[in-house]
Amino acid sequence: MKRIVTIQDISCLGKCSLTVALPIISAMGIEASIIPTAVLSAHTIFEGHTFKDLTDEITPISEHWKKEGFDFDAIYTGYLGSEKQIEIVAKFFDDFKDDGNFVYVDPVMADGGVLYPHFDGGFVEKMKWLCSKADVISPNLTEAAFLTGQQYKKDYDFEYIKKIVYSLVDIGAKSVILTGIALDEKYGILSYDGRDFDYFTHEKIDKVFYGTGDVFSSVCVGALTQGKSLKQAVKTAGDFTLESIKASVRNPDTRYYGVDFETVLHTLYEK
């Protein structure tokens with residue numbers, strides 16, 4: 001059985017980060033190993049949530065795994081909360097990356113043209129360095145603009161997107177996935193595998209849902225680990241994320257802090 005290690009935080013209640021990655025990767029028939037970077041009582045949209053930083057635990061876990069000789073078919077990172085965590089995770093890449101696996105970085109740090117609270121230019125530079133060590137990165141357009149030093153635009157054309165993508169490749173990433181792209185009155189996900197561009201389009205549902213990026217990345221990593229091409233993996237992840245959103249829209253009792261991915265999880269297992 002193939003094995004993915006995912007490094008990100010865990011919210012004890014809330015459909016995001018590890019609470020999304022674990023069931024999705026498992027449903028795809030892949031063993032999921034985890035390194036939690038922090039434990040939160042609930043999703044950060046809830047006021048007064050608790051937070052326990054686990055930065056100091058990452059290296060001891062890594063050292064134990066090295067001693068035991070564990071290896072992984074994929075290394076997948078999501079939200080990282082500090083520059084120090086990025087430095088430690090970069091060392092993890094150096095220790096566990098080999099010719100037979102790949103590194104997937106979702107550089108979670110910004111949206112809507114602005115950085116998330118507590119992040120600054122120093123964090124962006126560290127994340128840029130981490131992305132240089134990745135085989136696949138999946139920023140949204142805001143994150144991509146920060147990583148490349150490009151001006152963020154709400155209105156753009158394909159030439160602007162190509163410039164962003166080529167700049168990301170210049171950082172060092174071999175393949176790029178840009179989420180939340182709108183081109184020619186179509187909405188979707190653009191990918192570049194080092195040779196060709198592909199634009200997966202889907203209907204846009206005008207409602208805000210949290211955790212969809214975590215759902216997408218988790219499925220995408222799983223599909224790549226199964227041996228799918230980047231184009232196939234993006235389509236698999238995009239289709240599943242859309243179906244999760246539709247399931248949430250249909251459910252009058254859906255949790256507002258996440259999508260009802262559980263109700264369509266069987267489709268991943270069946271595929």
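You'll find the structure just up there.
By convention here, each chain's residues receive numbers from 1 onward along its written sequence. Residues qualify for local features only when their pLDDT is at least 70, as the model is predicted, and side-chain atom pairs are given and counted only at 80 or more; totals for whole chains, interfaces and linings, by contrast, use all residues. Side-chain metrics rest on all non-hydrogen atoms present in the structure, leaving aside hydrogens and water.

Caption draft 1: Expanded view of the sheet that holds strand 11 (residues 197-202). When DSSP finds two or more bridges between two strands, those strands count as paired. Put simply, DSSP H or I for four residues or longer makes a helix, DSSP E for two residues or longer makes a strand, and each gets a number counted from the N terminus. Read across the open sheet, the nine strands follow the order 3-2-1-4-5-8-9-10-11; overall the sheet is mixed. Strands with a single pairing partner mark the edges of an open sheet, and in this sheet they are strand 3 (51-53) and strand 11. Contacting strand 1 (3-11), strand 2 (31-40) and strand 4 (74-77), helix 1 (residues 17-27) crosses the sheet at an angle of about 150° to strand 1. Across the sheet, helix 6 (residues 158-171) touches strand 8 (136-137), strand 9 (175-183), strand 10 (186-192) and strand 11, and the angle it forms with strand 9 is around 160°. The contact definition used throughout considers only heavy atoms, calling two residues in contact when any of these lie within 4.5 Å. Only the stretch in contact is used when fitting a helix axis, every axis being a line fitted to C-alpha atoms; angles between N-to-C directions are given from 0 to 180 degrees.

Caption draft 2: Quick peek at the nonpolar core. Only buried residues count toward a nonpolar core. Its members are Ala, Val, Leu, Ile, Met, Phe, Trp, Tyr and Cys residues joined through side-chain atoms within 4.5 Å. Think of it in three bands: with a 1.4 Å probe and only protein chains considered, a residue is buried below 20% of the maximum accessible area for its type, exposed above 50%, and partly exposed in between. Residues Phe-92, Val-105, Met-127, Leu-130, Ile-161, Leu-168 and Leu-178 are the most contacted members of the largest nonpolar core, which totals 45 residues. If we skip the residues at most four places from it in the chain, Leu-130 touches Thr-77, Leu-80, Ile-86, Val-89, Ala-90, Phe-93 and Val-105. In this structure, Tyr-76, Tyr-104, Leu-230 and Val-259 belong to the second largest nonpolar core, which totals 36 residues.

Caption draft 3: Structural detail: the packing of helix 5 (residues 141-148) against helix 6. Interhelical geometry of helix 5 versus helix 6 gives an angle of 55° and a closest axis separation of 9 Å. Here helix 5 lies oblique to helix 6, going by the angle between them. As helix 5 packs across helix 6, the resulting crossing turns out to be left-handed. Judged by residue contacts, Leu-141, Ala-144, Ala-145, Leu-147 and Thr-148 of helix 5 engage Tyr-160, Ile-161, Ile-164, Ser-167, Leu-168 and Ile-171 from helix 6. For the contact of helix 5 with helix 6, the residue count by class is nine nonpolar, two polar and no charged. Every angle not falling under 35 degrees, over 145, or within 65 to 115 is termed oblique; those three ranges are roughly parallel, roughly antiparallel and roughly perpendicular. By the definition used in this description, the sense in which the near helix is turned from the far one sets the handedness, with an anticlockwise turn below a right angle giving left-handed and a clockwise turn giving right-handed. Note on residue categories: nonpolar means Ala, Val, Leu, Ile, Met, Phe, Trp, Tyr, Cys or Pro, charged means Asp, Glu, Lys or Arg, and polar means any other residue, Gly included.

Caption draft 4: Spotlight on helix 3 (residues 83-96). By this rule the span expected of a helix is its residue count minus one, scaled by 1.5 Å. For helix 3, spanning 14 residues, the distance from its first C-alpha to its last is 20 Å, which sits close to the expected 20 Å at 1.5 Å a residue. Residues of helix 3 that are buried: Gln-85, Ile-86, Ile-88, Val-89, Ala-90, Phe-92, Phe-93 and Phe-96.

Caption draft 5: Focus on the pattern of salt bridges. The rule for a salt bridge is simple: a side-chain nitrogen of Lys or Arg has to be within 4 Å of a carboxyl oxygen of Asp or Glu. All told, the structure shown has 18 salt bridges when counted by the stated rule. One salt bridge connects Lys-162 with Glu-159, and the closest N-O pair in it is separated by 3.3 Å. In this pair, Lys-162 and Glu-159 are both assigned in helix 6, three residues apart and thus about one turn of the helix distant. A relative accessible area of 21% places Lys-162 in the partly exposed class. Between Lys-246 and Glu-203 there is a salt bridge whose closest N-O contact spans 2.9 Å. Placement of the pair is Lys-246 in helix 8 (residues 230-250) and Glu-203 in the loop between strand 11 and helix 7 (212-225), with a sequence separation of 43 residues. Accessibility expressed as a relative area gives 24% for Lys-246, which makes it partly exposed. Among the ionic contacts, a cluster of salt bridges with common partners joins Glu-63, Lys-66, Lys-91 and Asp-95.

All quantities given are derived from atomic positions and should not be read as evidence of function.
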